[in-house]
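What follows is the residue order along each chain.
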Amino acid sequence: MSDQKEKPSTLASGDMSDPPHICIIGAGISGLRAADVLLQKGYKVTILEARDRIGGRICQSDKLGYTVDIGPNWIASCFLSTSLHATGDKHPIRDLAIETNTSLHHWNNKQNIFTSDGKLLPAEKSAELSTLLWDIIEEAFAYSAKNGKSIPETASLYDFIESTVKEKLPDRLEDQKLILSMSEMWGAYVGHPVTRQSLRFSWMEECCGGDETFIETTYEAILDRIAKLPREKADIRLGSRVMKVVTPTDRFSGAIKVATMKAEVVECDEIICTVPLGCLQEVKERGFYPRLPQKICDAMDNISIGRLEKVYITFPSAFWTVNQEDNFAGYTNWLSPKYAPDTNPECWPQEIWNLAAFSPENRRPTLLFYLYGDCSRHIVKLTFDRSTEERHAALDAFFRPYYSLLPNFSADDENCKPKAILSTEWQMDDLAGYGSYCNFQVGIKDADEDVKTIRHGVPERRLWFAGEHTAPFEELGTAAGAYMSGEAVALRIFDEYLAEKERY
Ligand SMILES: Cc1cc2nc3c(=O)[nH]c(=O)nc-3n(C[C@H](O)[C@H](O)[C@H](O)COP(=O)(O)OP(=O)(O)OC[C@H]3O[C@@H](n4cnc5c(N)ncnc54)[C@H](O)[C@@H]3O)c2cc1C
């Protein structure tokens with residue numbers, strides 16, 4: 001590629017001898033999908049990935065003795081239809097799951113709720129309150145979509161739930177309290193407490209709590225499918241951490257230069273940056289030359305990053321399962337527990353998904369805890385830089401007060417002692433941007449405009465952004481959203497070349 005160009009080489013002109021060269025920073029699902037689309041259109045693609053693997057936040061571990069996802073497990077979407085084979089809305093990840101024979105799980109509607117003094121609520125009560133809570137959350141989405149920026153930026157989703165539950169259950173003070181306590185489960189969707197969730201932009205979180213489809217196996221086959229063409233045709237350079245991107249100030253003069261930590265310099269025609277939002281917040285001032293427009297830097301700072309973490313605890317057998325036909329609930333909550341003052345003086349609520357409820361071939365004697373906010377920070381502090389034995393002991397001590405309330409637990413029974421525990425540390429991972437995915441907290445004024453600003457990028461400098469934080473509004477933060485963002489940016493680049501062909 002020459003340094004000086006009259007105009008970018010035009011694939012659109014039909015000259016396949018010198019196709020445009022697109023460099024993609026990051027081999028997560030957004031970068032791989034962008035590469036997939038661009039390669040199908042005949043472009044030359046180089047992917048620079050800092051890690052020694054592809055996938056980014058889609059990642060597996062076999063430390064439990066079998067393989068599990070340490071990033072996403074869910075196919076999250078507000079528009080997934082309830083039946084996997086329904087002919088309704090298309091959903092890229094669900095479609096890839098079907099194509100790759102990835103086993104999906106629709107949870108049974110059973111839910112257990114332990115009150116703050118450790119008592120199990122009757123099943124009918126749990127079901128009634130849970131339905132009411134979700135109705136209120138749906139109302140909040142609708143209220144937020146309708147009233148948008150007229151809602152004070154200080155208002156939280158919790159405020160809405162609190163006032164609505166008082167209206168709906170005026171004479172039932174105990175149930176009001178229970179619903180408010182149950183509303184804390186919102187944190188496990190976005191990575192921060194429900195009191196921090198912006199009401200003004202709740203509509204941008206609508207994918208949370210939609211149809212609950214869980215991948216029984218892992219995202220591996222889906223990722224492999226997306227990575228197939230990039231693996232065959234792109235130049236994927238692992239261990240290549242990008243330090244600086246130098247772009248010309250217009251679309252015509254010279255190549256973009258991308259410098260990595262290994263002191264390689266890649267020259268290209270367009271650059272797509274898919275690094276997580278937290279990474280952008282760190283490098284936005286020094287990582288780009290010329291400097292990014294102030295509006296983009298501000299937008300990057302305005303959006304928050306959740307602190308969702310996962311802890312898998314696997315046992316010799318699923319002692320809590322009464323019999324395989326009548327599986328224990330898929331989902332259990334321990335509301336603000338007051339009975340673990342030594343390990344959890346803040347009474348952080350806990351929740352699990354029961355992997356023994358899967359179809360027989362994928363069933364595991366495993367409980368999956370989701371943690372967020374200060375609790376997840378505490379768990380990571382307990383385990384970071386500790387030996388395997390120390391981690392195991394610390395995590396078992398923290399979670400025992402909860403799993404010991406499950407049916408059939410007996411402290412002396414070997415089946416009730418964890419065999420292996422796996423905990424994630426995304427908030428310590430600089431390449432994940434020190435967190436899980438973007439969210440919209442109380443105080444943010446123009447979240448929709450911020451997302452649009454980053455998504456727009458700087459096309460006049462041939463600099464584009466993709467990633468979960470630039471996804472379509474209904475899919476922000478999700479793997480599907482990241483995938484769609486990669487596809488969208490690739491198509492925008494294609495359109496740009498077509499438009500240039502028409503201009504010249
Ligand atoms: C704990 C957890 C649970 C989740 N659960 C779900 C779920 O159930 N369902 C769901 O849909 N989504 C879930 N998500 C979100 C989902 O994983 C992400 O939205 C999606 O994977 C993000 O893809 P991405 O391509 O935007 O970013 P990433 O996958 O993070 O890809 C970005 C890539 O950029 C690389 N990189 C960073 N800096 C540099 C640099 N300087 N140079 C080169 N490369 C660099 C990174 O190593 C990474 O590979 C979860 C995430 C986490 C962490």
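Bear in mind that the values here come from a model prediction, so they are computed numbers and not experimental data.

**Q** Help me understand the overall build of the protein in this model?
**A** When helices and strands are tallied, the protein shows 13 helices and 22 strands. For 504 residues, the compact-globule formula gives about 23 Å, and the C-alpha radius of gyration of the protein, at 24 Å, lands near that figure. Projecting the C-alpha coordinates of the protein onto the three principal axes gives extents of approximately 75 × 50 × 45 Å. The buried share of the protein, reckoned over its 504 residues, is 58%. When the accessible surface of the protein is totalled, it reaches about 20,800 Å², and 51% of it is carbon and sulfur. When the 56 positive and 75 negative side-chain charges of the protein are each reduced to one mean point, those points stand 4 Å apart.

**Q** Sorry, what's going on with the sheet that holds strand β10 (residues 242-246) here?
**A** In a beta sheet, neighbouring strands are held together by backbone hydrogen bonds and run either parallel or antiparallel to one another. Pairing within the open sheet is mixed, and its four strands lie in the order β12-β11-β10-β14. Every other strand in the sheet has two partners, leaving β12 (265-268) and β14 (288-289) as the edge strands with one partner each. In this sheet, β14 lies alongside β10 in parallel orientation, the contact comprising two bridges. Looking at the pairing, V246 lines up with Y289 of β14.

**Q** Is there a simple way to explain the site of the ligand in this structure?
**A** Taken together, 37 residues are adjacent to the ligand, and S30, E49, R57, V242 and A479 come closest. Taking N73, its main chain carries an N or O atom lying 3.3 Å from an oxygen atom of the ligand. In the model, an oxygen atom of the ligand is placed 2.9 Å from a nitrogen or oxygen of the G477 main chain. Protein chains bury 97% of the 1,000 Å² of accessible surface belonging to the ligand in isolation. Listing elements by their share of the shell around the ligand, those giving two or more residues are α1 (29-40) and α13 (479-503). Of the residues assigned to the shell around the ligand, the class counts are 18 nonpolar, 13 polar and six charged. Each of domain 1 (11-56 + 220-303 + 444-503) and domain 2 (60-79 + 103-110 + 212-218 + 306-431) gives at least three residues to the shell around the ligand.

**Q** Looking at this model, I keep getting lost on the side chain of S198. Mind explaining?
**A** With respect to the helices and strands, S198 occurs in the loop between α6 (187-190) and β8 (213-215). Of the residues examined, S198 reaches a relative accessible area of 1% and is grouped as buried. Of the polar contacts made by the side chain of S198, one reaches the backbone nitrogen of R200; its length is 3.3 Å. There is a polar contact of 3.0 Å between the side chain of S198 and the backbone nitrogen of F201. Sequence-distant contacts of S198, defined by excluding residues within four places in its chain, comprise A155, L157, F440, Q441, V442 and I444.

**Q** Just to check I follow, could you spell out the packing of aromatic side chains for this structure?
**A** Each pair of aromatic rings is reported with the distance of its centres and the angle of its planes. Under the counting rule described, the total for this entry stands at 25 aromatic pairs. Between F369 and F399 the ring centres are 4.4 Å apart and the planes differ by 45°, which places this aromatic pair in the tilted class. On the criterion of sequence distance, the pair formed by F369 in strand β19 (residues 366-371) and F399 in helix α11 (residues 388-403) is long-range, its members being 30 residues apart. Aromatic pair F398 and F399: ring centres 4.9 Å apart, planes at 75°, arrangement edge-to-face. By relative accessible area, which is 1% here, F398 ends up buried. Take F399: its relative accessible area is 0%, and that puts it in the buried class. One aromatic cluster is present, formed by F114, W334, Y339, F369, F398, F399 and Y402 through successive ring pairs.

**Q** Would you take a moment to explain the packing of α1 against helix α7 (residues 220-233) for this structure?
**A** For the pair α1 and α7, interaxial distance at closest approach is 9 Å and the crossing angle is 55°. In terms of orientation, α1 and α7 fall into the oblique class. The two elements α1 and α7 cross, and the hand of that crossing is left-handed. On α7, the residues that touch I29, L32, R33, A35, D36, L39 and Q40 of α1 are L223, I226, A227, L229, P230 and K233. Residue composition of the contact of α1 with α7, by class: nine nonpolar, one polar and three charged.

**Q** Would you mind going over the confidence of the model for the protein with me for this structure?
**A** Should pLDDT be low for a region, the predicted coordinates there are not to be read in detail. Counting all residues, the mean pLDDT for the protein is 92, and 92% of those residues have values of 70 or more. Between residues 1-13, whose pLDDT stays under 50, and residues either more than four places distant or in other chains, the model counts 41 contacts. Confidence over residues 79-88 falls short of pLDDT 50; this stretch has 25 contacts with residues more than four positions distant or in other chains.

**Q** Looking at this model, I keep getting lost on unusual backbone geometry. Mind explaining?
**A** Comment: phi is negative for the bulk of residues other than glycine, and the bulk of peptide bonds are trans. In this structure, P290 follows Y289 across a cis peptide bond, with omega equal to -5°. Inspection of the secondary structure puts P290 in the loop between β14 and α9 (294-302). Here N101, not a glycine, exhibits a phi torsion of approximately 55°, which is positive. Here N101 lies in the loop between α2 (92-99) and β6 (104-106). Residue N101 is classed as exposed on the basis of its relative accessible area, which comes to 69%.

**Q** Just to check I follow, could you spell out the state of the cysteines for this structure?
**A** Here is the idea: a disulfide is a covalent bond, and it sits between the sulfur atoms of two cysteines. As enumerated under the stated definition, the model contains zero disulfides in all. In this model C273 remains outside any disulfide bridge; the closest cysteine sulfur is found in C279, 8.5 Å from its own. According to the relative accessible area criterion, C273 is buried, its value standing at 3%.

Criteria and thresholds
- Residues numbered from 1 in each chain as written.
- Predicted model: local features only at pLDDT ≥ 70, side-chain atom pairs only at ≥ 80, totals over all residues.
- Heavy atoms only, no water.
- Helix = DSSP H or I, 4+ residues; strand = E, 2+ residues; numbered from the N terminus.
- Rg over C-alpha atoms; globule rule 2.2 N^0.38 Å.
- Buried < 20%, exposed > 50% of the residue type's maximum accessible area, 1.4 Å probe, protein only.
- Areas by Shrake-Rupley, 256 points an atom, 1.4 Å probe, with all protein chains shown as cover.
- Lys, Arg positive; Asp, Glu negative; His and termini not counted.
- Charge placed at Lys NZ, Arg CZ, Asp CG, Glu CD.
- Pairing = 2+ DSSP bridges.
- Near = heavy atom within 4 Å.
- Polar contact = N/O pair within 3.5 Å; in protein donor to acceptor, adjacent residues only side chain to side chain.
- Nonpolar A, V, L, I, M, F, W, Y, C, P; charged D, E, K, R; others polar.
- Domains from an automatic or database assignment.
- Contact = heavy atoms within 4.5 Å.
- Phe/Tyr/Trp six-rings, centres within 6.5 Å; stacked < 30°, edge-to-face > 60°.
- Axes fitted to C-alpha atoms, helices over the stretch in contact; angles between N-to-C directions.
- Parallel < 35°, antiparallel > 145°, perpendicular 65-115°, else oblique.
- Left-handed = near helix turned anticlockwise from the far one by under 90°.
- pLDDT = per-residue confidence, 0-100.
- Disulfide = S-S within 2.5 Å.

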